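An overview of the molecular structure
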Amino acid sequence: MKSNRTEIMDNEKVFSMKFSKIYPLYIQKAERKNRTKEEVDEIIFWLTGYNEEALTEQINVGADLKTFFEQAPAFNPNSALIKGVVCGVRVEEIQDPLMQKIRYLDKLIDELAKGKPMDKILRK
């Protein structure tokens, strides 16, 4: 089990990662499974409340993950319905609210890559 100090340092490392570096990885993961950039964007818009213009702005200014999620216009209240495991951790049990939001997005992209229909991914 990690010490609290190690976990905080690991979290800070993740929080400081540039969204512009992670976003293409989400798209690549989706496209490898015959899904699309548009579907990745739809997931991001649903989860965060960003629109295409605002998402592009976050990418262009080089926002880190912390800033990206802190500035999200309207984090979806249905995100609490996202359940499951990402990186060996149940997303619904993550204590740090920012890390939980990051893992929610990871989980939704995983579901997309696994072929889940969009209305299930978007918890409709």
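The model shown is predicted, which means the values in this text are computed figures rather than measured ones.

Each helix and strand counted, the chain has 7 helices and 2 strands in total. Put simply, the chain runs from its N terminus to its C terminus through helices and strands in the order α-α-α-α-α-β-β-α-α. Relative to the globule expectation of 14 Å for 124 residues, the C-alpha radius of gyration of the chain, 14 Å, shows essentially globular dimensions. Sorting the 124 residues of the chain into buried and exposed places 44% on the buried side. Looking at the chain alone, contacts between residues at least 24 apart form 63% of all its contacts between residues at least 6 apart. Placing the 21 positive and 20 negative side-chain charges of the chain at their respective mean positions leaves the two points 6 Å apart.

Attention shifts here to the pattern of salt bridges. Counted under the stated rule, the structure contains 7 salt bridges. For the salt bridge of Lys29 with Asp110, the shortest nitrogen-to-oxygen distance reads 2.3 Å. Highlighted residues: Lys29 in helix α2 (residues 19–32) and Asp110 in helix α6 (residues 97–113), separated in sequence by 81 residues. A relative accessible area of 29% means that Lys29 is categorised as partly exposed. Accessibility expressed as a relative area gives 16% for Asp110, which makes it buried. Residue Arg35 is joined to Glu39 by a salt bridge in which the shortest nitrogen-to-oxygen separation is 3.0 Å. A relative accessible area of 13% places Arg35 in the buried class. One network of salt bridges, with partners in common, ties together Glu111, Lys116 and Arg123.

Residues Phe19, Val40, Ile43, Ile44, Leu47, Phe69 and Leu105 are the most contacted members of the largest nonpolar core, which totals 34 residues. Where this core is concerned, the elements lending two or more residues are α1 (4–15), α2, α3 (37–48), α5 (65–70), α6 and α7 (118–121). A per-element tally of this core places α6 first, with 8 residues. In contact with Ile43, not counting residues within four places along its chain, are Leu105, Leu108, Ile109, Leu112, Met118, Ile121 and Leu122.

Below, the discussion takes up the packing of α3 against α6. For the pair α3 and α6, interaxial distance at closest approach is 10 Å and the crossing angle is 145°. Viewed along their axes, α3 and α6 form a crossing whose handedness is right-handed. Note on element contacts: α6 touches α3 through Lys101, Tyr104, Leu105, Leu108, Ile109 and Leu112, opposite Glu39, Val40, Ile43, Ile44, Trp46 and Leu47. Per-class residue counts for the contact of α3 with α6 are 10 nonpolar, no polar and 2 charged.

What follows is about the packing of aromatic side chains. Summed over the entire model, instances satisfying the criterion amount to 5 aromatic pairs. Here the aromatic cluster, defined as three or more aromatic residues joined through ring pairs, consists of Phe19, Tyr23, Tyr50, Phe68, Phe69 and Phe75. Above the plane of the ring of Phe75 lies Lys101, whose end atom (NZ or CZ) is 4.8 Å from the centre.

Definitions and cut-offs
- Residues numbered from 1 in each chain as written.
- Predicted model: local features only at pLDDT ≥ 70, side-chain atom pairs only at ≥ 80, totals over all residues.
- Heavy atoms only, no water.
- Helix = DSSP H or I, 4+ residues; strand = E, 2+ residues; numbered from the N terminus.
- Rg over C-alpha atoms; globule rule 2.2 N^0.38 Å.
- Buried < 20%, exposed > 50% of the residue type's maximum accessible area, 1.4 Å probe, protein only.
- Contact = heavy atoms within 4.5 Å.
- Lys, Arg positive; Asp, Glu negative; His and termini not counted.
- Charge placed at Lys NZ, Arg CZ, Asp CG, Glu CD.
- Salt bridge = Lys/Arg side-chain N within 4 Å of Asp/Glu carboxyl O.
- Core = buried A, V, L, I, M, F, W, Y, C linked by side-chain atoms within 4.5 Å.
- Axes fitted to C-alpha atoms, helices over the stretch in contact; angles between N-to-C directions.
- Left-handed = near helix turned anticlockwise from the far one by under 90°.
- Nonpolar A, V, L, I, M, F, W, Y, C, P; charged D, E, K, R; others polar.
- Phe/Tyr/Trp six-rings, centres within 6.5 Å; stacked < 30°, edge-to-face > 60°.
- Lys NZ or Arg CZ within 6 Å of the ring centre and 35° of its normal.

Keep in mind these values describe shape, not function.
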